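Observations on the model geometry
Listed below are the residues making up each chain.
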2 protein chains.
Amino acid sequence: MTKHIGKQTVQFAVPPVILSTGTAVGPYEAAGPLGDYFDTKHVDPLAGAASFEKAERQMLLDACLTALHKINATPAQMQFLLAGDLLNQIITSGFAALELTIPFFGIYGACSTAVEGLTLGSMILDGGFGERVLAATSSHNSTAERQFRYPTEYGTQRKPSSQWTVTGAGAALLGSSGLGPRITYATVGKVVDMACNDPLNLGAAMAPAAVDTLSAHFNDTGLQPLDYDLILTGDLGKVGHELAIQWMKDTQGLDLSKNYQDCGMLIYDLDDPRVGSGGSGCGCFASVVYGYVYQQLLRGNLKKVLLVATGAMHSPLSCQQGENIPCVAQAISLEM
Amino acid sequence: MTKHIGKQTVQFAVPPVILSTGTAVGPYEAAGPLGDYFDTKHVDPLAGAASFEKAERQMLLDACLTALHKINATPAQMQFLLAGDLLNQIITSGFAALELTIPFFGIYGACSTAVEGLTLGSMILDGGFGERVLAATSSHNSTAERQFRYPTEYGTQRKPSSQWTVTGAGAALLGSSGLGPRITYATVGKVVDMACNDPLNLGAAMAPAAVDTLSAHFNDTGLQPLDYDLILTGDLGKVGHELAIQWMKDTQGLDLSKNYQDCGMLIYDLDDPRVGSGGSGCGCFASVVYGYVYQQLLRGNLKKVLLVATGAMHSPLSCQQGENIPCVAQAISLEM
């Protein structure tokens, strides 16, 4: 039996299991609606470190070590680490891999990185190349804002479509067997570009990628939106969430309005004006899914979810050169 | 039978085949000792484009389309594209994926990216998730120098240990069956740091990573250096090549001096003072291996080679913050 179905989807023969997860967040995320679901809550955005970059690295390590600790595992028992983040040269992940000394695959899909890691990790396990892999990602508001937009110290005016980069990290420990939610399908995204070049409206830029991957998923598998208890995008925010519902209806005739949410709308109180359209960043999907969603699956409140992490491969340089922002979305099905 | 042997190595059950390759280079590389082996030779470093970044993208597309064309394949016949490059947000690869519309995994391992792509691509094929994948990478002297060091227009003085970033791209088209060199083993590197923080001496920074992965490869497989016709590192240059020989002897008691070469020393005439210690960049390994080495395998001049791509995950920001440069090396065995 081939494991490749349709055009972009794989179906795992022995679905890998998320054996444990770990999350670490900053104070603003800890004070938000999902605060109870996070493992490590830093009271200081610097996490006691000398720079925001070092703080982000600490949170990524927190998340990885928590996931390991929960099942009494050590880094040496992991065959591979798949990690990536928003910083140039995915340096947060590089330094975390240095500490963990696990054989390393660096990955980059902007905010789709978490699902890219779960997909490749699942292929590694189901392909017979190991029994345990760790997949992790992170973002930090103060490191991302200064790299991609303006240093936060500028106090630049934000647009209503702007999103707030999450300070947080998440890790998932995947096993080839065991108890926990299983990864049954993965739909691998194509890069799309719908002529958006506004780094202050990434939700609109990423929504077409989400729609493209969702459409592929339903076409490839024959499933319908209501086959899932929850469909969850990574960080489209209010603007992108609304667009995704509209475009799925217009282009595919599929109704997402019943059971579709977005991590960027769950992690913060959207009435807070600084949030704008919602949360974003690799840490948004990772903390919401590995914190909140994972707990809901374990408790039986959710049985089958479709996770769609969306990434805007936003390069400040190519934007300055007048180009659009290419985007990609990666999806997996999780079943309890 | 488990496919994971030793600590860091996998052995493929049905070794994937490199069915074809494509390379594209700039004029300086075309005029070098390996010029005859490259497919597309641009007479202009701008490749007719409006910016060096667009030129690099063109070369990556050239390489991918050449590899496809050689076996009369189309992008739609590829299940996955694994690509990464040196530019922030791997934007070259993102834009190439947009053109090719192949389901995309973005990867980043600095100059180790080519072998990271071959390894993950081989896992995908041997795991049963597809029949054809494309793995590609690129670099461009003028885009890399201004991002990582100084704009070339500055005419900054270079050190003898400096390396010259290759303007070039390479793509390998992997198949689950067919004729050609087969990927038999992959040894996945750990991130190492030997306290080097000089971006003008990356060969010395990367040599410990090469030694670490080479040691793991020989320990895991039980093979010896002389089991290979050629052991080839990616871009250690003269400085790193000498260090790697010395350290393999000192730490492992293994003699590399008989059959060990470095792509960075092959691609340029080392008597040219601007070359410094040798070539570097993702395009160095990719153009030398997918051009020269692949031809030698097809012609029967080489039968079994060990390829070790080395990456310095050099972040200008973390260097400015006083940190060392973490490095990683990825290895695969190719057999004809």
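Predicted model only: the values in this text are computed from it and were never measured.

Of the transformation placing chain B onto chain A, the axial shift is 0.0 Å and the rotation is 180 degrees, giving an RMSD of 0.0 Å. What we have between these two chains is a two-fold relation. In this assembly the copies share their binding face: 100% of the residues contributing to the interface of chain B also contribute to that of chain A.

As a further point, take the side chain of Lys3(B). With respect to the element layout, Lys3(B) can be found in the segment before β1 (4-5). We classify Lys3(B) as buried; its relative accessible area is 11%. Only 3.3 Å separates the side chain of Lys3(B) from the side chain of Asp126(B), close enough to count as a polar contact. Apart from residues lying up to four places away in sequence, Lys3(B) is in contact with Gly127(A), Gly128(A), Phe129(A), Thr9(B), Val10(B), Gln11(B), Ala13(B) and Asp126(B).

Another point: the packing of helix α4 (residues 113-126) of chain A against helix α4 (residues 113-126) of chain B. The geometry of a pair of packed helices is captured by two quantities: the angle between their axes and the separation between those axes. Running from N to C, α4(A) and α4(B) cross one another at 55 degrees; their axes reach a closest spacing of 9 Å. Taken as axis vectors, α4(A) and α4(B) run oblique relative to one another. Note that α4(A) runs across α4(B); the crossing there is left-handed. Every residue of α4(B) that contacts α4(A) at Leu120(A), Met123(A) and Ile124(A) is listed here: Leu120(B), Met123(B) and Ile124(B). Its residues placed into classes, the contact of α4(A) with α4(B) shows six nonpolar, no polar and no charged.

Another point: helix α2 (residues 52-70) of chain B. A rise of 1.5 Å per residue sets the reference length of α2(B), with its 19 residues, at 27 Å; its end C-alpha atoms lie 27 Å apart and thus fit the reference within 8%. Taken from the residues just after α2(B), Asn72(B) is the one with a positive phi, measuring 50 degrees.

Within the structure shown, the criterion is met by 18 salt bridges over all chains. In this structure, Glu323(B) and Lys54(A) form a salt bridge, with 3.5 Å as the shortest nitrogen-oxygen distance. Of this pair, Glu323(B) sits in the loop between α10 (316-320) and β15 (327-335) while Lys54(A) sits in helix α2 (residues 52-70), on two different chains. Salt-bridge contacts for Lys70(B) lead to Asp39(B); the nearest nitrogen and oxygen are separated by 3.0 Å. On the criterion of sequence distance, the pair formed by Lys70(B) in helix α2 and Asp39(B) in the loop between α1 (27-30) and β4 (40-41) is long-range, its members being 31 residues apart. A single network of salt bridges, built from pairs that share partners, joins Lys54(A), Arg57(A) and Glu323(B).

A few words now on the nonpolar core. Met123(A), Ile124(A), Met123(B) and Ile124(B) are the most contacted members of the largest nonpolar core, which has 100 residues in total. Once residues within four sequence positions are removed from consideration, Met123(B) is found in contact with Phe80(A), Phe105(A), Ile124(A), Phe129(A), Val10(B), Phe12(B) and Phe129(B). Formed by 74 residues, the second largest nonpolar core is a distinct cluster that contains Ala63(A), Ala110(A), Cys111(A) and Ala97(B).

Moving on to the interface of chain B and chain A. With 60 residues of chain B at the contact, the number on the chain A side is 60 residues. Looking only at chain B, the three residues that lose the most surface to chain A are Gln89(B), Phe105(B) and Phe129(B), adding up to 16% of its buried area. Our count for the chain B to chain A interface comes out at 18 residue pairs in polar contact (both at pLDDT 80 or more). When contributions to the side of chain B that touches chain A are tallied by element, the ones reaching two or more residues are α2, α3 (91-100), β6 (104-106), α4, α5 (141-148) and α10 of chain B. Per element, the largest residue contribution to the side of chain B that touches chain A is six residues, and it comes from α4(B). Taken together, the residues of the side of chain B that touches chain A break down into 27 nonpolar, 21 polar and 12 charged.

All names here are of chain A. Assigned domains within chain A: domain 1 (4-175) and domain 2 (182-335). Domain 1 and domain 2 are separated by 17 Å when their C-alpha centres are compared. With 61 residues of domain 1 at the interface, the matching set in domain 2 holds 63 residues. Between domain 1 and domain 2, roughly 5100 Å² of surface is buried when both sides are summed, and carbon and sulfur atoms account for 62% of that area. It is Gln 8, Tyr 37 and Gln 163 in domain 1 that bury the most area against domain 2; as a group they hold 15% of the surface buried on that side. On the surface where domain 1 and domain 2 come into contact, there are one salt bridge. Asp 198 is the partner of Lys 159 in a salt bridge, and the nearest nitrogen-oxygen pair spans 2.5 Å. Inspection of the domain 1/domain 2 interface yields 30 residue pairs in polar contact (both at pLDDT 80 or more). For the side of domain 1 that touches domain 2, the secondary-structure elements that each account for two or more residues are β2 (9-11), β3 (17-25), α1 (27-30), α4, β7 (132-139), α5 (141-148), β8 (163-165) and β9 (168-175).

A few words now on the pairing of strand β10 (residues 182-187) of chain A. Residue and element names in this part refer to chain A. Burial analysis of β10 places five of its six residues in the buried class, which makes it a mostly covered element. Bridging between β10 and strand β15 (residues 327-335) involves five bridges; their strand directions are antiparallel. Counted as the bridge partner of Tyr 185 is Ser 333 from β15.

With that out of the way, let us pick up the environment of Leu65(A). All names here are of chain A. Here Leu 65 lies in helix α2. For Leu 65, a relative accessible area of 43% gives the class partly exposed. Residues Leu 65 and Thr 23 lie 42 residues apart in sequence; the distance between their C-alpha atoms is 9.5 Å.

In this section: the packing of aromatic side chains. Tallying each qualifying case throughout the model produces 10 aromatic pairs over all chains. On the basis of an interplanar angle of 65 degrees and a centroid distance of 5.6 Å, the ring pair of Phe12(A) and Phe129(B) is categorised as edge-to-face. Taken together, the residues span two chains, with Phe12(A) in the loop between β2 and β3 and Phe129(B) in the loop between α4 and β7 (132-139). The class of Phe12(A) is buried, set by a relative accessible area of 4%.

Moving on, we get to the pairing of β15(B). Residues and elements named next belong to chain B. When you tally the buried positions in β15, you get eight out of nine residues, the bulk of the element. Relative to β15, strand β14 (residues 304-312) runs antiparallel, the two sharing nine bridges. Counted as the bridge partner of Leu 307 is Ile 332 from β15.

What counts, and where the lines are drawn
- Residues numbered from 1 in each chain as written.
- Chains lettered and ligands numbered in written order.
- Predicted model: local features only at pLDDT ≥ 70, side-chain atom pairs only at ≥ 80, totals over all residues.
- Heavy atoms only, no water.
- Least-squares fit on C-alpha atoms with pLDDT ≥ 70 in both.
- Contact = heavy atoms within 4.5 Å.
- Helix = DSSP H or I, 4+ residues; strand = E, 2+ residues; numbered from the N terminus.
- Buried < 20%, exposed > 50% of the residue type's maximum accessible area, 1.4 Å probe, protein only.
- Polar contact = N/O pair within 3.5 Å; in protein donor to acceptor, adjacent residues only side chain to side chain.
- Axes fitted to C-alpha atoms, helices over the stretch in contact; angles between N-to-C directions.
- Parallel < 35°, antiparallel > 145°, perpendicular 65-115°, else oblique.
- Left-handed = near helix turned anticlockwise from the far one by under 90°.
- Nonpolar A, V, L, I, M, F, W, Y, C, P; charged D, E, K, R; others polar.
- Expected span 1.5 Å × (residues − 1).
- Salt bridge = Lys/Arg side-chain N within 4 Å of Asp/Glu carboxyl O.
- Core = buried A, V, L, I, M, F, W, Y, C linked by side-chain atoms within 4.5 Å.
- Buried area = accessible area lost by both parts, 1.4 Å probe.
- Domains from an automatic or database assignment.
- Pairing = 2+ DSSP bridges.
- Phe/Tyr/Trp six-rings, centres within 6.5 Å; stacked < 30°, edge-to-face > 60°.

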